[in-house]
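Summary of the model geometry
Listed below are the residues making up each chain.
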Amino acid sequence: MGQSGGTEIMKILITGASGFIGSFIVEEAIRQGFDTWAGVRATSSKKYLQDERIHFAQLDMRNTKKLCSQLLAYKTEMGGEGWDYIVHAAGATKCLHAEDFFRTNTDGTRNFIDALRETGMVPRRFVFLSSLSIFGAIKEKPVRRPSAENPWVYEPILLTDEPQPNTIYGKSKLAAEQFLMEQKDFPFTILRPTGVYGPRERDYFLMAQSIKQHIDVAAGLTPQEITFVYVDDVVQAVFKSMVSPDAEGKAYFLSDGEIYNSRSYSDLVQQHLGNPWVLHLKLPLCLLRAVCWLGGKMSRLAGKMTALNDDKYHILSQRNWQCDIAPAIADFGYAPQWTLEKGVEESIRWYKQEGWL
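Here's a quick rundown of the structure. All figures in this text were calculated on a predicted structure; none of them were measured in a lab.

1. With respect to the pattern of salt bridges
The final tally for this structure, using the stated rule, is 20 salt bridges. Note that Asp 60 and Arg 62 form a salt bridge whose closest N and O atoms lie 2.9 Å from each other. Connected through shared salt-bridge partners, Glu 8, Lys 11, Glu 81, Asp 84 and Arg 124 make up one network.

2. Looking at the packing of helix α7 (residues 264-272) against helix α11 (residues 340-353)
Packing of α7 against α11 leaves a shortest axis separation of 9 Å and a crossing angle of 50°. Overall, the two elements α7 and α11 adopt an arrangement that is oblique. Between α7 and α11 the crossing geometry is right-handed. Counting all contacts with α7, which are made through Ser 264, Tyr 265, Leu 268, Val 269, Gln 271 and His 272, the residues of α11 involved are Leu 340, Glu 341, Val 344, Glu 345, Ile 348 and Lys 352.

3. Digging into the nonpolar core
Grouped together as the largest cluster of nonpolar side chains are 68 residues, with contacts concentrated most on Ile 12, Ile 25, Leu 191 and Phe 239. Beyond its immediate stretch of four places on either side in the chain, Ile 25 contacts Ile 14, Val 87, Ala 89, Leu 129, Val 235, Val 238 and Phe 239. Formed by 26 residues, the second largest nonpolar core is a distinct cluster that contains Leu 13, Met 121, Phe 128 and Ala 176.

4. Description of the environment of Asp 161
Among the structural elements, Asp 161 can be located in the loop between β7 (125-129) and α4 (168-181). The exposure class of Asp 161 is buried, given its relative accessible area of 19%. Measuring from C-alpha to C-alpha, the distance between Asp 161 and Lys 139 comes to 9.5 Å, with 22 residues separating the pair along the chain. Contact partners of Asp 161, with chain neighbours within four places excluded, come to Phe 135, Ile 138, Lys 139 and Pro 156.

5. Overview of the packing of aromatic side chains
This model, assessed by the stated rule, comprises 26 aromatic pairs. Plain terms: the ring middles of Phe 228 and Tyr 260 are 5.6 Å apart, the flat faces sit at 65° to each other, and that makes the pair edge-to-face. Residue Phe 228 is located in strand β11 (residues 228-230), and its partner Tyr 260 is located in the loop between β12 (250-254) and α7; the two are separated by 32 residues in the primary sequence. Judged by its relative accessible area of 3%, Phe 228 is buried. For Tyr 260, a relative accessible area of 13% translates into the label buried. Linked through ring pairs, Tyr 197, Tyr 204, Phe 228, Tyr 230, Tyr 260, Tyr 265 and Trp 338 together constitute an aromatic cluster. When the ring centre of Phe 56 is taken as origin, the NZ or CZ atom of Lys 46, which lies over that ring, is 4.0 Å away. Directly above the ring of Tyr 48 sits Arg 200, whose terminal nitrogen or CZ lies 4.4 Å from the centroid.

6. Focus on unusual backbone geometry
Of note in the backbone geometry, Arg 200 takes a positive phi value of approximately 80° without being a glycine. Within the secondary structure, Arg 200 sits in the loop between β9 (195-197) and α5 (203-212). You can call Arg 200 buried: its relative accessible area is 13%. In the Ramachandran plot, His 214 falls in the positive-phi region, its phi being about 80° despite a non-glycine side chain. Its location among the elements puts His 214 in the loop between α5 and β10 (215-219). What makes His 214 partly exposed here is its relative accessible area of 24%.

7. A closer look at the sheet that holds β7
Spatially, β5-β4-β3-β6-β7-β8-β12 is the arrangement adopted by the seven strands of the open sheet, whose pairing is parallel. Where the open sheet ends on each side, the last strands, each with one partner, are β5 (55-58) and β12. With strand direction ignored, the average angle separating the axes of adjacent strands in the sheet is 20°. Two strands pair when backbone bridges link them, and strand β3 (residues 11-15) and strand β6 (residues 85-88) are joined in this way by four bridges, in the parallel orientation. Within the sheet, the bridge partner assigned to Leu 13 lies in β6 and is Ile 86. Relative to the sheet, helix α6 (residues 231-242) contacts β3, β6, β7, β8 (188-193) and β12, its axis offset from that of β7 by approximately 155°.

8. Let's talk about the side chain of Asn 105
One can find Asn 105 in helix α3 (residues 98-118). Contacts of Asn 105, omitting those with residues within four sequence positions, involve Gly 91, Ala 92, Tyr 169, Ser 172, Lys 173 and Ala 176.

Conventions we followed
Residues numbered from 1 in each chain as written. Predicted model: local features only at pLDDT ≥ 70, side-chain atom pairs only at ≥ 80, totals over all residues. Heavy atoms only, no water. Salt bridge = Lys/Arg side-chain N within 4 Å of Asp/Glu carboxyl O. Axes fitted to C-alpha atoms, helices over the stretch in contact; angles between N-to-C directions. Helix = DSSP H or I, 4+ residues; strand = E, 2+ residues; numbered from the N terminus. Parallel < 35°, antiparallel > 145°, perpendicular 65-115°, else oblique. Left-handed = near helix turned anticlockwise from the far one by under 90°. Contact = heavy atoms within 4.5 Å. Core = buried A, V, L, I, M, F, W, Y, C linked by side-chain atoms within 4.5 Å. Buried < 20%, exposed > 50% of the residue type's maximum accessible area, 1.4 Å probe, protein only. Phe/Tyr/Trp six-rings, centres within 6.5 Å; stacked < 30°, edge-to-face > 60°. Lys NZ or Arg CZ within 6 Å of the ring centre and 35° of its normal. Pairing = 2+ DSSP bridges.

And the structure:
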């Protein structure tokens with residue numbers, strides 16, 4: 001809750017507040033009664049940050065010296081104190097150049113932590129939103145034959161497994177995690193959600209848009225076992241882990257606790273779009289690789305991101321996205337509320353309402 005010790009109001013900063021997940025965290029912080037600060041860039045959209053109770057903090061994480069100056073100004077504004085909690089949701093998921101991922105996700109996180117130390121603004125808890133992608137395509141070899149009792153052929157990724165990121169995005173997030181874990185006297189929790197979907201999300205929206213246009217493309221011919229998590233459940237995990245003593249200094253996977261095949265999401269989208277006719281295609285990975293390579297090349301030449309690129313190939317081609325959420329359930333009471341069916345229904349409803357579909 002936003003209050004503790006009688007009338008004391010807890011202050012929270014959410015970086016990346018204008019983004020998909022960040023904007024929902026801001027809304028929940030306000031709902032819980034926090035003194036809520038939205039960390040944004042000067043160029044950030046405030047479309048989903050219209051509540052008049054929101055304080056804005058412009059933070060330039062490219063330069064530690066400038067960032068320190070900005071933080072000290074906000075510290076003065078808050079009466080010489082810092083934020084009680086910080087949720088670091090800022091990050092880049094798409095970049096034209098590999099170095100841009102590291103500049104934003106790794107160096108930006110490092111600069112932010114260094115600046116918080118320098119200004120004496122280390123919070124009670126620093127929640128870092130990372131990704132299941134830091135583990136890459138591990139455990140891709142089937143370990144069992146599918147059966148009626150267990151139709152899934154792969155083993156879940158565990159927290160004890162060694163990360164082997166196969167995307168630039170995953171590598172940049174892992175490097176940020178490693179820096180965070182090296183910190184002494186800096187209370188943190190790391191959350192690693194699997195594929196996050198819901199209103200305002202644009203990548204899964206592209207799939208819905210394609211299905212509305214009667215095309216559904218899946219990657220690869222071998223079994224693919226996918227996991228999802230609805231945005232509200234990620235938000236729930238942020239606030240539960242943030243105040244849990246047992247979650248300090250640890251990392252956790254987040255999913256809805258279920259496993260799906262490559263048609264699960266698209267079939268639900270098709271259903272909630274009114275069952276239009278759809279041509280379901282399965283692209284061999286060799287063909288997908290060529291398409292993604294060409295897409296990446298064209299995006300760099302045009303200076304504009306495309307939906308398919310080298311990083312996207314590795315994400316689409318990965319066969320196993322199972323992950324173990326038992327530690328999150330045990331340590332801070334994580335309890336996913338959204339089934340894929342309910343989440344897709346709400347997402348499609350929102351996309352229609354907003355004129356996206």
